[in-house]
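Tertiary structure, described
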Amino acid sequence: MSKGQDRSDFSKGSVSGAIVRLAVPMAFAQLVNVLYTVISKIYLGHLPGAMHLALSGVGVTLPIIFIIGSVSAFCGTGGGPLFAIARGKGDDEEAESIMGNCFTMLVGFGVIVTVLVMIFRTPLLFLFGASADTYEFAKEYLTFYSLGSIFVMITMGMNVFINAQGFGRVAMLTTVIGAVVNLVLEPIFIFALNMGVRGAALSTVAAQMCSAVWVLRFLIGKSILRIKLHRMRLASKRVRGILSLGLSGFIMMLTSSLSQILANVMLQRHGGDIYIGIMAVINALREVVSMPLFGMERGASPVVSYNYGAKLYDRVRAAIKFKVKLAVVYSVFATAVVMLIPGVLVGVFNSDPELIAAGVPALRIYYGLFVFMVLQMTSQNVFVGLGKTKHAIFFSLLRKVFLVAPLTILLPELGMGTYGVFVAEAVSQLVGGLACVGTMYFVVYRRLRPEACTA
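Residues numbered from 1 in each chain as written. Predicted model: local features only at pLDDT ≥ 70, side-chain atom pairs only at ≥ 80, totals over all residues. Heavy atoms only, no water.

**Topic: the overall build of the protein**
Within the protein, the regular secondary structure consists of 16 helices and 0 strands. Judged by the C-alpha coordinates and their principal axes, the protein covers about 60 × 45 × 35 Å. Within the protein, the proportion of its 455 residues that are buried is 58%. Long-range pairs, those at least 24 residues apart, make up 83% of the contacts in the protein with a sequence separation of at least 6. As presented, the protein carries roughly 17600 Å² of accessible surface, and 68% of it is formed by carbon and sulfur atoms. (Helix = DSSP H or I, 4+ residues; strand = E, 2+ residues; numbered from the N terminus. Buried < 20%, exposed > 50% of the residue type's maximum accessible area, 1.4 Å probe, protein only. Contact = heavy atoms within 4.5 Å. Areas by Shrake-Rupley, 256 points an atom, 1.4 Å probe, with all protein chains shown as cover.)

**What about the side chain of R231?**
You can see R231 is positioned in the loop between helix 8 (196-221) and helix 9 (236-270). Among the polar contacts made by the side chain of R231, one reaches the side chain of H230 at a distance of 3.4 Å. In this view, R231 contacts E93, E96, S97, G100 and N101; residues no more than four positions away in its chain are not counted. (Polar contact = N/O pair within 3.5 Å; in protein donor to acceptor, adjacent residues only side chain to side chain.)

**Structural notes on the state of the cysteines**
Evaluated as defined, the whole model comprises 0 disulfides. For the unlinked cysteine C75, the closest cysteine sulfur is that of C102, found at 5.1 Å. Under the relative-accessibility criterion, C102 is labelled buried at 0%. (Disulfide = S-S within 2.5 Å.)

**Some thoughts on the packing of helix 10 (residues 273-309) against helix 13 (residues 353-367)**
Between helix 10 and helix 13, the shortest axis-to-axis distance is 10 Å and the interhelical angle comes to 50 degrees. With respect to helix 13, the axis of helix 10 lies oblique. Viewed along their axes, helix 10 and helix 13 form a crossing whose handedness is right-handed. Contacts from I274, Y275, G277, I278, I282, L285 and R286 of helix 10 reach helix 13 at E354, L355, A358, G359, A362, L363, Y366 and Y367. Considered class by class, the residues forming the contact of helix 10 with helix 13 number 11 nonpolar, 2 polar and 2 charged. (Axes fitted to C-alpha atoms, helices over the stretch in contact; angles between N-to-C directions. Parallel < 35°, antiparallel > 145°, perpendicular 65-115°, else oblique. Left-handed = near helix turned anticlockwise from the far one by under 90°. Nonpolar A, V, L, I, M, F, W, Y, C, P; charged D, E, K, R; others polar.)

**Topic: unusual backbone geometry**
Unusually for a residue other than glycine, N194 sits at a positive phi of about 55 degrees. Structurally, N194 can be placed in the loop between helix 7 (168-192) and helix 8. For N194, a relative accessible area of 67% translates into the label exposed.

**As for the packing of aromatic side chains**
All told, the structure shown has 14 aromatic pairs when counted by the stated rule. Here F167 and F218 contribute two aromatic rings whose centre-to-centre distance is 5.1 Å and whose plane-to-plane angle is 70 degrees, an arrangement assigned as edge-to-face. Of this pair, F167 sits in the loop between helix 6 (149-163) and helix 7 while F218 sits in helix 8, and the two are 51 residues apart along the sequence. The same class applies to F167 and to F218, which are both buried. Taking NZ or CZ as reference, R317 lies 4.4 Å from the ring centre of Y445, over its face. (Phe/Tyr/Trp six-rings, centres within 6.5 Å; stacked < 30°, edge-to-face > 60°. Lys NZ or Arg CZ within 6 Å of the ring centre and 35° of its normal.)

**Section: the confidence of the model for the protein**
Per-residue confidence for the protein gives a mean pLDDT of 85, with 93% of residues at or over 70. Within the model, the stretch residues 451-455 combines pLDDT values under 50 with 10 contacts to residues more than four positions away or in other chains. (pLDDT = per-residue confidence, 0-100.)

So this is what it looks like as C-alpha cells:
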C-alpha cells in the first residue's frame, strides 16, 4: 500500500488523529480565506467617497452568492459522503463514477446559473434590498462575480473529493491559492487601477479560476481516485442519489439566502442602508468565527462516512463524539470574545460612529446563542455524512424556513424594529440547535451499533 493510499484509509489508527490530520490543514485554509474576506470588506468599507454604501451594496448581493454556493453544494455535500461511503465499502469504481458525475453536473449548473443571474440581476437586486444609492455598487459587483461563477462552483464542489481521499494539505492549498491571489490582486484592482467594487469582483473571479485549475490538475492526474472521461457520463440512479443527499446542503444554503433576503428587506424598511451594512459586517464576522468549525467538519466528514461504509460503527460514534465536544468548547470561547469586544470588531470594518453604535447591540444579539447554531451544524453534518437524507433536509428547513423567516417578518412589525431581525436569528439558533442535536443523539448516535445498523 502506498503512502497516499495508507493516508486515505480511515479505518485504521486513532479516529481523533485522523480528524485532526484533515481538519488542521482545512482550518488553516479557512483562516487564510477568512483573512481575505475580512480585508476585502475593510477595503470596501473604506472606499473613498462611498462611505458605507459600497459595503452595503456588496451586502445586497450576498443572497445571490449564497444561491450560487448552494448549487455547488448539491454536488459537493451530496457526492462527497457517497464517495467516502463507497470507498469504505471498497467500491472504488463507484466512487470514481460519483466524482465524475459530480463534475459533469457542476459544469452544467455553472453555465445555467451564470445565464440566469445575468438575465435577472436587476429585479433580483431590488427585491433583495438594494436602494437607489446602493444599486450601482451591487450591480457592478454581481455582474463580474457571476461571470466567474463556474470556477467558484468547480472549486467548492470538487475540492471535497481531494479531502475525502486524505489529501488534507492539497485541499488546503486549493483555498490558500485562491485567497493569496485575491489578497494580491484586490488592492491593485480596487485602488491602483481605480476599479472600485468591480475590481473586488474581478480579483475574486481570477482567484477562483486559479483554485479551479489546481483542483482539476490534482484530481485528473495525481490523486488515488481520478476524474476519468468514461466516469463522467451521467447515470440517472447515481445522479438521483447525489442530488437527494445534496439537497440538504442545497436547502441549507438556499434557505440562508432566503433568510438573508428577508433580513435585508426588513432592515431596509426599518433602518435603511446602514443596517444593510451592519448585516454585511455580521456575515463577515460569522465567517471569521466559523472558520475553525468548517475546518473541523471538513476533517470529520470523510472519517465518519468512510467508517460508516465499512460498518465500523464504534469508530463512527467516536468521530461524532470528538467533533461535537470540540465544537462546543470552541463556540463558547468564540461567543465570549464577541460579547467582550463587539465595538472593536465592528470598527475594524467601518469607522462610521453611527454604524458602530448600532452594530454593537446587533452583534451581541446575533451571537449570544451561537453555541446552539454550532450544535445544529455539527449534528446536521452527521446526518449528511451517514446519508440520512430525510433528517438532513428536515433540519435544513426547520431553522431557516419555519423559524427565521416568519420571525424576521413578524418581530420587526411588533415593535422591535431592526433588532427584531437579529432576535429572530437568536431564537432560531436556540430552538433549531436543541431539536437537531437531540434528534441526532437519540435517533442516530445511540443506534450506531453493529446489531442495530445497516449500511
